[in-house]
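Structure at a glance
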Amino acid sequence: RKEVEQDPGPFNVPEGATVAFNCTYSNSASQSFFWYRQDCRKEPKLLMSVYSSGNEDGRFTAQLNRASQYISLLIRDSKLSDSATYLCVVNMANQAGTALIFGKGTTLSVSS
Amino acid sequence: ETGVTQSPTHLIKTRGQQVTLRCSSQSGHNTVSWYQQALGQGPQFIFQYYREEENGRGNFPPRFSGLQFPNYSSELNVNALELDDSALYLCASRRGSGGPLTSYNEQFFGPGTRLTVL
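Residues numbered from 1 in each chain as written. Chains lettered and ligands numbered in written order. Predicted model: local features only at pLDDT ≥ 70, side-chain atom pairs only at ≥ 80, totals over all residues. Heavy atoms only, no water.

With respect to the state of the cysteines
Enumeration according to the criterion identifies two disulfides over all chains in this entry. There is a disulfide in this structure between A:C23 and A:C88, and the S-S distance comes to 2.0 Å. Here the S-S torsion is close to -80 degrees, and the disulfide linking A:C23 with A:C88 is therefore left-handed. In this pair, A:C23 is assigned in strand 3 (residues 19-25) and A:C88 in strand 9 (residues 84-91), connecting sequence segments 65 residues apart. As far as burial versus exposure is concerned, A:C23 and A:C88 are alike and both buried. Through a disulfide, B:C23 is tied to B:C91; the S-S separation comes to 1.9 Å. Disulfide B:C23 to B:C91: torsion about the S-S bond roughly 70 degrees, handedness right-handed. Taken together, the residues span a long stretch of sequence, with B:C23 in strand 3 (residues 19-24) and B:C91 in strand 9 (residues 87-94) at a distance of 68 residues. Neither residue differs from the other here; B:C23 and B:C91 are each classed as buried. (Disulfide = S-S within 2.5 Å. Helix = DSSP H or I, 4+ residues; strand = E, 2+ residues; numbered from the N terminus. Buried < 20%, exposed > 50% of the residue type's maximum accessible area, 1.4 Å probe, protein only.)

Given below as structure tokens:
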């Protein structure tokens with residue numbers, strides 16, 4: 001089983017749609033969770049951290065369920081500029097430093 | 001811009017050759033991590049340097065090695081290149097204390113070096 005698994009995608013949605021990405025992780029001792037965004041041929045950039053209480057940033061909502069080892073990202077009112085690859089990322093508690101473990105990524109394409 | 005720079009931006013090598021990639025961390029950042037991202041995959045952790053010492057390593061063979069300098073810039077060296085080493089190599093820097101990440105603490109990624117091995 002991979003350490004971090006994501007929906008394979010791609011997701012093709014019209015502008016204004018709501019889209020949800022799911023992610024599961026295998027190491028129950030993981031402590032930190034993130035969603036990164038990566039544009040084509042660019043470096044990943046932090047989109048948001050994910051906390052057990054859930055967190056929201058504008059149109060983006062992230063949720064963490066530690067019991068199920070499940071992370072989600074909800075994007076409401078999709079914009080063309082949301083088109084990118086979304087990476088689910090976990091910091092494994094048994095590794096030193098910021099050994100971030102990335103999922104394979106899910107590609108989102110928003111069309112007009 | 002993140003303030004993390006990498007050089008070169010692109011590189012073409014042949015099998016068996018050696019390559020050195022460079023990373024300048026953001027000002028004030030003492031920790032640098034290196035990642036390999038193959039096409040269609042997420043980045044994979046290679047290793048991390050904190051205060052000039054390697055203090056974490058992923059599942060990569062010894063022919064992947066690195067250095068960190070007193071100014072916290074870093075190099076990734078790959079010996080005996082193989083075709084599967086073709087990838088985007090990313091470095092990321094942060095201000096750290098050498099221990100595990102236990103709270104929100106953003107890493108800043110550089111733009112990457114795209115290595116092609118023929």
